[in-house]
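So you can see what is in the structure, the chains are spelled out below.
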Amino acid sequence: MKQSKYFAAALALTLTCITTLAAQERGSWRAASSNAKSITGDLTLSVEKILISFTTFPIAQIRPLQPAEIKAAFDLDGEATGTGSLYKLNVPATQKFLKKNSLCGAEDTQWMVTYVAGHNLQVAFFSGAPVPVLTPEAIATTTNLCGIYAYVK
């Protein structure tokens, strides 16, 4: 009986942590980097969808990221001071955004990695079915990283 109570408490704590991490990413974000301004424009994140350039796509949060994964994915000089998440999504290669640009060229966009620190959001999009490996070595040699975009609140 005690073990089931501990398990239930641990599960509730885990779900609370995941919900809190995702809550920091939610909301409307203004394009800040030049590639965000020329490709996606502003974006909005909610629990189950992302809105890019007035087009909505379903998303599913897979898991929170470890600080080392955030540092590798976004090439941070110092330690990751915020939180990040891995999401599954499907943005077809045929989907065009600002200035007739797509997210991953001729490839479907299938993964999104986020990093929030204060009022700043960075988003990396990846193509390909395999889950992106977020280590410095893997990021340095990957052909699936489509781009990294910066946003502010």
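Residues numbered from 1 in each chain as written. Predicted model: local features only at pLDDT ≥ 70, side-chain atom pairs only at ≥ 80, totals over all residues. Heavy atoms only, no water.

### Topic: the state of the cysteines
Counted only if it meets this: Two cysteine sulfur atoms form a disulfide, by the criterion used here, when they sit within 2.5 Å. A run of H or I in DSSP counts as a helix once it spans at least four residues, and a run of E counts as a strand once it spans at least two, with each numbered from the N terminus. Exposed residues in this analysis have more than 50% of their type's maximum accessible area, buried residues have under 20%, and partly exposed residues fall in between, with area computed by a 1.4 Å probe over protein chains only.
On inspection of all chains with the given rule, the structure shows one disulfide. Linked covalently through their sulfurs, C104 and C146 form a disulfide whose S-S length is 1.8 Å. Because the torsion about its S-S bond is 105 degrees, the bridge between C104 and C146 counts as right-handed. Linking C104 in the loop between β5 (83-91) and β6 (109-117) with C146 in strand β8 (residues 145-152), this pair joins segments that are 42 residues apart in sequence. Owing to a relative accessible area of 10%, C104 belongs among the buried residues under this scheme.

### What about the packing of aromatic side chains?
Here is the rule: Stacked, tilted and edge-to-face are the three classes applied to pairs of Phe, Tyr and Trp rings, where Trp contributes its six-membered ring and a pair requires centres within 6.5 Å; stacked means planes under 30 degrees apart, edge-to-face means over 60, and tilted covers the rest.
What the rule picks out here adds up to three aromatic pairs. On the numbers, 6.1 Å between centres and 70 degrees between planes, the contact of F57 with F97 is edge-to-face. Pair noted here: F57 is in strand β4 (residues 55-64) and F97 is in the loop between β5 and β6, with a separation of 40 residues, a long-range link. The interplanar angle of 70 degrees and the centroid separation of 5.5 Å between the aromatic rings of F125 and Y149 together place this pair among those described as edge-to-face. Of this pair, F125 sits in strand β7 (residues 120-127) while Y149 sits in strand β8, placing them 24 residues apart in sequence. Take F125 and Y149: they sit in the same class, and that class is buried.

### Digging into the side chain of S127
Where we set the bar: Any pair of residues with heavy atoms lying within 4.5 Å of one another is described as a contacting pair.
Within the secondary structure, S127 sits in strand β7. When its relative accessible area of 5% is taken as the criterion, S127 is described as buried. Among all residues touching S127, those that are not within four sequence positions of it are C104, E107, D108, T109, Q110, N144 and C146.

### Digging into the nonpolar core
Counted only if it meets this: Nonpolar cores are built from buried Ala, Val, Leu, Ile, Met, Phe, Trp, Tyr and Cys residues. Side-chain atoms within 4.5 Å join them into one set.
Core analysis: the largest hydrophobic core is formed by 23 residues, its most contacted members being I50, L103, M112, L121, F125 and Y151. Each residue touching L103, except ones within four places of it in the same chain, is listed here: I39, T40, I52, V91, F97, T109, F125, C146 and Y149. Of all hydrophobic cores here, the second largest spans 14 residues; its members include W111, V113, F126 and L134.

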